[in-house]
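As a plain string of letters, each chain reads:
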Amino acid sequence: MNAESGFARYARPEFARLFRALHLDVIYQGGQGDHLTRKLPAGADQGTDQVLDLVGGAGSSLFGHNHPALLDVARQCFEERIPFNAQASIRPGAAELAQRLSEIVGATTGASYVVTLGSTGAEAVEAAVKHATVEHRRRLGALQEQFEVALRRAHRDGVADLVCASGPAQGRSSAEVLSEALDRIADLRTADPVFVSLRNAFHGKTAGAGTLTHGGNVPADLHVPGPRHRRLSDWSPQHVVTAFDSDRVPVYSVTVDAAGVAHSQVRHLSPVAACFVEPIQGESGVHEVPAETLAALRELADRHEAALVFDEIQCGMGRTGTFLASEGSGVAADYYLFSKSLGGGLAKISALLVDEKRYVPEFGRHHTSTFADDDFSSRIATAAVDLSFTYRDRIIETGVLLRERLTEVAQRWPDAIIEVRGRGLLLGIEFHLPQPESGLLREVFDTESLGYLIAGRLLHTHAIRVIPTLSAPTTVRVQPSALLEPADVDRIAAGFDDVAGLLSRGDYTTLLDHLTVPPAGVWQPPQHVPLPRRDWPVLHSGSRGDVTRVAFLANLDVPGKLWSMAPELAAWSDDQCEAALDRMWGELDPFEVVRHRVTSESKGEVEVIMVAAPFTAGQAVAALRTGHGAWLRRTVLDAVELGVALGAEVIGLGGHTSIVTNAARDVVESSIRVTSGNSLTAACAYDLLRLELAAAGPGERRVGLVGGIGNIGAVMAELIAPHCDSMVLVGRPGSARRLATVAKRLSSVVDVSIAEDLDALRDCPIVVSATNSADPVILPHHLAGDRKILVCDLAVPGDVHPAVTGLSNVTLVSGGRIQLPGMQTPHFPGITLPPGILYSCMAETIGLGFEPETPSPSYGGLSSAGVLAARDLAARHGLHPARIVSDDISVQPWIVDQFGSTIEEHIG
Ligand code: PMP
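Residues numbered from 1 in each chain as written. Predicted model: local features only at pLDDT ≥ 70, side-chain atom pairs only at ≥ 80, totals over all residues. Heavy atoms only, no water.

> Can you help me understand the pattern of salt bridges in this one?
Once the charged atoms of two side chains with opposite charge are near each other, the side chains can pair. Under the definition given, this model contains 48 salt bridges. Salt-bridge contacts for Arg 465 lead to Asp 53; the nearest nitrogen and oxygen are separated by 3.1 Å. In this pair, Arg 465 is assigned in strand S18 (residues 464–465) and Asp 53 in strand S3 (residues 50–53), connecting sequence segments 412 residues apart. Its relative accessible area of 2% is what places Asp 53 among the buried residues. (Salt bridge = Lys/Arg side-chain N within 4 Å of Asp/Glu carboxyl O. Helix = DSSP H or I, 4+ residues; strand = E, 2+ residues; numbered from the N terminus. Buried < 20%, exposed > 50% of the residue type's maximum accessible area, 1.4 Å probe, protein only.)

> I tried to follow the sheet that holds S18 on my own but got confused; where do I start?
Strands belonging to one sheet form pairs held by backbone hydrogen bonds; the direction of such a pair is parallel or antiparallel. A sheet is described by the order of its strands in space; here 4 strands give the open sequence S1-S2-S3-S18, paired in mixed fashion. Strands with a single pairing partner mark the edges of an open sheet, and in this sheet they are strand S1 (27–32) and S18. In this structure, strand S2 (residues 35–39) lies alongside S3, joined through 3 bridges in antiparallel fashion. Of the residues in S3, the one forming a bridge with Leu 36 is Val 51. The sheet contacts of helix H16 (residues 486–505) involve S2, S3 and S18, and relative to S3 the element is tilted by about 90°. (Pairing = 2+ DSSP bridges. Contact = heavy atoms within 4.5 Å. Axes fitted to C-alpha atoms, helices over the stretch in contact; angles between N-to-C directions.)

> How should I be thinking about the sheet that holds strand S8 (residues 249–256) in this particular structure?
Ordered in space as S5-S9-S8, the 3 strands form an open sheet in which the pairing is mixed. A single partner strand is all that each edge strand has here, and the edge strands are strand S5 (164–166) and S8. Ignoring which end each strand starts from, the neighbouring axes of this sheet average 55° apart. Sheet analysis places S5 next to strand S9 (residues 262–269), joined by 2 bridges and oriented parallel. Residue pairing across strands places Ser 166 opposite His 263, the latter belonging to S9. On the sheet, helix H7 (residues 174–190) packs against S5, S8 and S9 and is oriented at approximately 145° with respect to S8.

> I keep staring at the site of the ligand and nothing clicks. Help me out?
All residues adjacent to the ligand are Thr 120, Gly 121, Ala 122, Phe 202, His 203, Gly 204, Glu 278, Glu 283, Asp 311, Ile 313, Gln 314 and Lys 340. The side chain of Gln 314 places a nitrogen or oxygen atom 2.7 Å from an oxygen atom of the ligand. The side chain of Lys 340 places a nitrogen or oxygen atom 2.7 Å from a nitrogen atom of the ligand. Relative to its unbound accessible area of 390 Å², the ligand is 82% covered by the protein chains. Considering only residue class, the shell around the ligand consists of 3 nonpolar, 5 polar and 4 charged. (Near = heavy atom within 4 Å. Polar contact = N/O pair within 3.5 Å; in protein donor to acceptor, adjacent residues only side chain to side chain. Areas by Shrake-Rupley, 256 points an atom, 1.4 Å probe, with all protein chains shown as cover. Nonpolar A, V, L, I, M, F, W, Y, C, P; charged D, E, K, R; others polar.)

> Just to check I follow, could you spell out the pairing of strand S19 (residues 475–478) for this structure?
Walk down a regular strand and you will see the side chains alternate between the two sheet faces. Burial of S19 is two-sided: the residues Thr 475 and Arg 477 facing one way and the residues Val 476 and Val 478 facing the other way are all buried. When strand S17 (residues 426–431) meets S19, the two strands line up antiparallel, connected through 4 bridges. Within S19, the position partnered with Leu 427 by the bridge is Val 478.

> Teacher, can you tell me more about the nonpolar core here?
In a soluble, globular protein the nonpolar side chains are often hidden away together inside. Phe 431, Phe 445, Phe 496, Met 716 and Ile 720 are the most contacted members of the largest nonpolar core, which totals 128 residues. Among the elements that line this core, the one with the most residues is helix H22 (residues 678–695), at 9 residues. Apart from the residues lying within four places of it in its own chain, the contact partners of Met 716 are Ala 682, Ala 685, Tyr 686, Leu 689, Leu 705 and Leu 794. The next biggest cluster of nonpolar side chains, apart from the first, holds 60 residues, and it includes Ala 98, Leu 117, Ala 301 and Ile 349. (Core = buried A, V, L, I, M, F, W, Y, C linked by side-chain atoms within 4.5 Å.)

> Hey, could you run me through the packing of helix H5 (residues 92–109) against helix H12 (residues 375–390) in this one?
Any two packed helices are characterised by how steeply their axes cross, that is the angle between the axes, and by the distance between the axes. Contact geometry of H5 with H12 gives a least axis separation of 7 Å together with a crossing angle of 30°. Between H5 and H12, the angle falls in the class roughly parallel. Seen from above, H5 lies across H12 with left-handed handedness. Contacts from Pro 92, Gly 93, Ala 94, Glu 96, Leu 97, Arg 100, Leu 101 and Ile 104 in H5 reach Asp 375, Ser 378, Arg 379, Ala 381, Thr 382, Val 385, Asp 386 and Phe 389 in H12. (Parallel < 35°, antiparallel > 145°, perpendicular 65-115°, else oblique. Left-handed = near helix turned anticlockwise from the far one by under 90°.)

> What am I meant to see in the packing of aromatic side chains here?
For any pair of aromatic rings, geometry is given as the distance between the ring centres together with the angle between the planes. One pass over the structure, following the stated rule, counts 15 aromatic pairs. For the ring pair Phe 445 and Tyr 508, a centre distance of 5.2 Å and an interplane angle of 55° mean the geometry is tilted. Placement of the pair is Phe 445 in the loop between helix H14 (439–444) and helix H15 (447–462) and Tyr 508 in helix H17 (residues 508–511), with a sequence separation of 63 residues. According to the relative accessible area criterion, Phe 445 is buried, its value standing at 1%. Relative to Trp 585, the ring of Trp 523 has its centre 3.8 Å away and its plane inclined at 5°; by these criteria the two rings are stacked. Separated by 62 residues along the polypeptide, Trp 523 in the loop between H17 and strand S20 (548–556) and Trp 585 in the loop between helix H19 (574–584) and strand S21 (591–599) bring together distant segments of the chain. Classification of Trp 585 by relative accessible area gives buried; the value is 11%. Through a chain of ring-to-ring contacts, three or more aromatic side chains come together here, namely Trp 523, Trp 585, Phe 615 and Trp 631. Over the aromatic face of Trp 235 sits the side chain of Arg 199, whose NZ or CZ is 4.6 Å from the ring centroid. Stacked on the ring of Tyr 686, the Lys or Arg Arg 690 has its end atom at 4.2 Å from the ring centre. (Phe/Tyr/Trp six-rings, centres within 6.5 Å; stacked < 30°, edge-to-face > 60°. Lys NZ or Arg CZ within 6 Å of the ring centre and 35° of its normal.)

Next up, the structure:
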C-alpha cells in the first residue's frame, strides 16, 4: 500500500479525502531552511521539487526546517547518549531551560516564574487550567479557614450575637454574617471554577483547551464538555473590565473595634479562576488584541482574583520581533504559555510559566507526564531560545518588508483581499469570498475551501506552500522562518499578486487549473454527519410567501457539459472537467443552482428552485458499483433537506436522484409531496408511441423495450402492450428472471418474449429505452439496418450512442420533454435543452406546485393510472409534450380524451 492509500485508510481518512479533492495530496520528503522538498509524482517532468514553506509548521518552525545549530544540539544529545527517559530524577536540561525562560520573561515583567514543561501547546493550556483551578480553590480554602477562625473567635469572645453597627451587613449579628460568608465560600470552593477566553480564541483541541477555543467551524458534536467557560465577545476595554461582575459573590466580614462595636465589610469573590488570551490571535486569522484590551483583561482578572494567562504559543518566542508578543503592551500576565517554535521545529515541547508568587508547589508533584522535562527537548529548546535573539533584528526587518509588499498587493486588488494583518513573521491575508456566477462555483468557493484553493494555486504554480488559519479559513497564514531571503519576499508577493488578480478578474479557469489533474488513489465517500433536528411542522402552502415553491433535484451533468453548470469553466476540455469533478467528488454539499418563476397556462405560479445533488451520473454508477450506495442516497437526502429548508412544498427527483432513492421511496416526508416525475416521462413516451403504433401497418407493431424491469420501463410495457402485436423485453445479462415476471403480467395482452442480449432489437421497428446506465447501451449494430426504425430514448443520460444519430434509417426521439406554456424560457443550468423545454420530470414537479391538493403520481413504483394522472395534470396547465427529432422540435397537445379510457380497459 502506498503512502497516500495508507494515510487514507489507517491515518487520516478525512484529510486524505480533502487533500485529494484540493490537489494538496503531496508528500514532502525533506526540509531545509524555508524550503521543503516535494516528492514529485512518478513521471513528472516539470515543476520544481523545492517549495517555499510559509506554513512554517503552523508557527513552529521560526528557525526553518532542520536549523544547523539545532541539529548540532540534537546530534550532541545522541552522541552523548543522554537518557531520553529519566523520570524521577534531577533533569539538568529542564532546569536550564526553565531558568532561562523565567529570566527572559522576568526581564519584561519583573517577576520570577516556576516552569512546568510538557509536550504540546494544548498540554500547556491544560496545565494552566489545572493550576488555576488548584490555585483558585486553595485561595478559597485559606479564606474559609480564616472565616472559621473568626467565627470560633466570636463565640469564644462572646461577641457572636453582637449586631453590626455599620457597613453592608448593618443590623445583622456577627455570627449570622460570618456563617453566611462561610457558606458562600464553601459553595465557591466546591463549585467548578469558570474560565474566560475571547471571541475567536484558539487554545488547542484537547477536551479542556478545546472548550476555551472558539471553534465555529468545528462540528458541535466534536466538542467535549470541558471546564465551565465564559466567552468575552466584546473586546472594548470598558466592557471587558466589568464583564462578569454579576457573577461575583459578596462576602461580608466583621471586625470589632476597641470600644466593642462590630462593623461589617464586604469583599467580592468570583468563580472565575483564569482569563486566557492570545496577545495576537493566530488561528482566528491573525488578529492583534489591542493593548487597551490586554490592560482591561488585567483589571478584569484582578477584580475576580483570577489568573491572567497569556497564550504565546504561536505569537511568542520572538516571532513578532520581541520574545513576548505582549511585550509592547506593558501588561504583565500571571501565567505565560509557550510551545511550537520553542522546540525549534525539532522537538515537541511546551512550557507553562507561573508567577512564583502564585505557584502551588504541590501542583508540580501531581501534574506530571512521561515525556515532560526530557533533556533532549529541553536542550534543543534552550538553543532555540538563543536563536530567537540571534535572529531578532532580521525577523523585524523581514517582517516589515513582507508586510509592506503584501499590503501593496492588497491595495492593488481590493476586490480580492480584505486586508493584511499581523506583526513580524506572523501575518495573515484575509480574502473576500468570491461570488462566482454559477451555483456550482459558489459551492466550490465556500468559506472552508477558499484558503485551500488558493493554497493549491500557490503550490502548483508558484511552489509556495500556505494553508489557511484553522478557525478563519478565508485568511491565509504567512508564517515564514527567520531565514527568509529578500528574494523570497519578491516571490511571495508575486504569488499572491497572481492569485489576487485571478480572483479579482474572476478567472476561475486559471485559478482552479491545478484541480484538472486526475486524482490518484481510491475514492472514499465522506461520512454522513447527522442533521440537526428539523423545524417542525414543515409549513404549508402560502405560509412561506407569496408563491408556492418547488425544488427540483438534479445530479451534475456529464463532465463534457460542465460548462452549462459553470460557464466560468467553459475553457476546460472534457478531460479537465472530468478530472476536476473526480477530485471534487464527495467534497461538495448540495447547493442551489438557480431559481425561476413559472406560470401555468390556466392558473397558478410556482417558484422552481433547482438544487444540485453533487455527483455526476458516472459517479453515481461508480458509487453503486463500489458499494457506496448509502453515500449516494444520503447525498440526495441532504439535497432534499436543502429543498425543504428553502421552503419547497414539492420535491422533484430528477436525473439519478430518484434511482438512488429507490424511486423516491427513501425520501420520507409527511407534509410535502415528493415525486420522481417519472409518470410524466412515461406519459410523453406513451403519447408518442400510441400515435406511431396506430399509424403502423400490421407486422410493424413490434416493440423492443430496453430496461423493462426499471420503474419507467415496466409501466411503459404495460401501457403500450395493448397497442402492439409483439414485444421483446431486453435487459442486462442476469435480468431474465425479473424480466419474466414483467412479461408474465403482459402475456394476456400481447405476444411477449424476453432477451438478455440487445441484438434482440434487430427485428424491432420501434425501440423504447429507459435504463439507468451512465453510458450509452444501444449501439448501431443492435438495430436493423434495412428498415425505418423509431427509437424513443427515455433515459437521462441517454441510452443511445451518438453514432446511432448518424443512421439514416433511424429516427431518434428523446422522450420526456415538455414545452412550457406561453413564451417562458427560464434557463436552468445543466439542462441543455432548447429554450422553453424542460425534462418531463421537472414539468411534473412544477405541475404539482400549481395544484397543492393533487397527490404525487410518481412516488415509488409507477402505475398506469398515475401516468394518466400526471398527463392530465400537465394538460391542465399547458405543459405539453415536445418531440425533439434531431434539431426539430414539435409540440403537440396531449391526446387526452381519445386514449385515456383505452388503457384502463386493457390494464385493469
Ligand atoms: N494555543 C495557541 C495560541 C495555538 O496557536 C495553538 C496551536 N495552533 C495551541 C494553543 C495548541 O497547540 P498544539 O497544537 O501544540 O496543541
